[in-house]
Amino acid sequence: MDAKKRLLVVAHAPSRNTLKLREAVEQGARHEDIKNVEVKAMAPLDAGPEDVLACDAIILGTTENLGYMSGALKDFFDRSYYPCLERTQGLPFAYYIRAGHDGTGTNRAIESITTGLRWKLIQEPLICRGEYRVEFEDQCRELGMYVAASLDAGLV
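Residues numbered from 1 in each chain as written. Predicted model: local features only at pLDDT ≥ 70, side-chain atom pairs only at ≥ 80, totals over all residues. Heavy atoms only, no water.

Trainee: Explanation requested: the environment of Arg-16 in the structure shown.
Mentor: The topology assignment puts Arg-16 in helix α1 (residues 16-29). As for Arg-16 and Ile-97, which are separated by 81 residues in sequence, their C-alpha atoms are 15 Å apart. (Helix = DSSP H or I, 4+ residues; strand = E, 2+ residues; numbered from the N terminus.)

Okay, here's the thing in structure tokens:
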């Protein structure tokens, strides 16, 4: 039997609603039909390059802060970028943004950093814009399920 694939979720969740989004990603990734994927969810300040190097795919989550990603996610990238640069090229990833406005600057920043890392985007970015809506949780659940199912099936 093959070893389980490892999905890392690194998501900033400073509020009850953003925590619901991270939990929804985890729920989707742990769907009962997905058998060979281990899910590890962490706050960005707790995650580091060793976690990225140990995973087979990653889902990032952030709030939009002043038109940019959260400082916590930026700190994660600052600490992980060079240790991962040559060792994680092609890493499958996806991300979501909880944006009170439009998420454009946050999206651009994540695209810039992950392009530099040469990670492989496997799902269009999920940008949860405007006032909080419960449907954001469903969208995050689907994102987690999609990435984990893709790993489980050997598609990524």
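Trainee: Explain unusual backbone geometry here, please?
Mentor: Working note: non-glycine residues mostly have negative phi, and peptide bonds are mostly trans. The residue Leu-66 is not glycine, and still its phi comes out positive at about 55 degrees. Structurally, Leu-66 can be placed in the loop between β3 (57-65) and β4 (68-69). For Leu-66, a relative accessible area of 92% translates into the label exposed. One non-glycine residue, Arg-118, adopts positive backbone phi at about 65 degrees. Counting through the fold element by element, Arg-118 comes out in the loop between α4 (104-117) and β6 (120-121). Look at Arg-118 and you get partly exposed, because its relative accessible area is 45%. (Buried < 20%, exposed > 50% of the residue type's maximum accessible area, 1.4 Å probe, protein only.)

Trainee: Which parts of the structure should I look at to understand α1?
Mentor: At 3.6 residues per turn, the α-helix brings residues three or four places apart onto the same side. For α1, spanning 14 residues, the distance from its first C-alpha to its last is 20 Å, which sits close to the expected 20 Å at 1.5 Å a residue. Looking at α1, one finds that the buried residues are Thr-18, Leu-21, Arg-22, Ala-24, Val-25, Glu-26, Gly-28 and Ala-29. (Expected span 1.5 Å × (residues − 1).)

Trainee: Where do I start with the pattern of salt bridges in this structure?
Mentor: Close approach of charged atoms allows side chains of opposite charge to pair. Taken as a whole and assessed by the stated rule, the structure comprises eight salt bridges. The closest approach of N and O atoms between Lys-74 and Asp-78, which form a salt bridge, is 2.5 Å. Within this pair, Lys-74 and its partner Asp-78 are both found in helix α3 (residues 71-85), separated by four residues, close to a single helical turn. For the salt bridge of Glu-135 with Arg-133, the shortest nitrogen-to-oxygen distance reads 3.5 Å. We classify Glu-135 as partly exposed; its relative accessible area is 40%. In this structure Arg-133 comes out as partly exposed when scored by relative accessible area, which is 36%. (Salt bridge = Lys/Arg side-chain N within 4 Å of Asp/Glu carboxyl O.)

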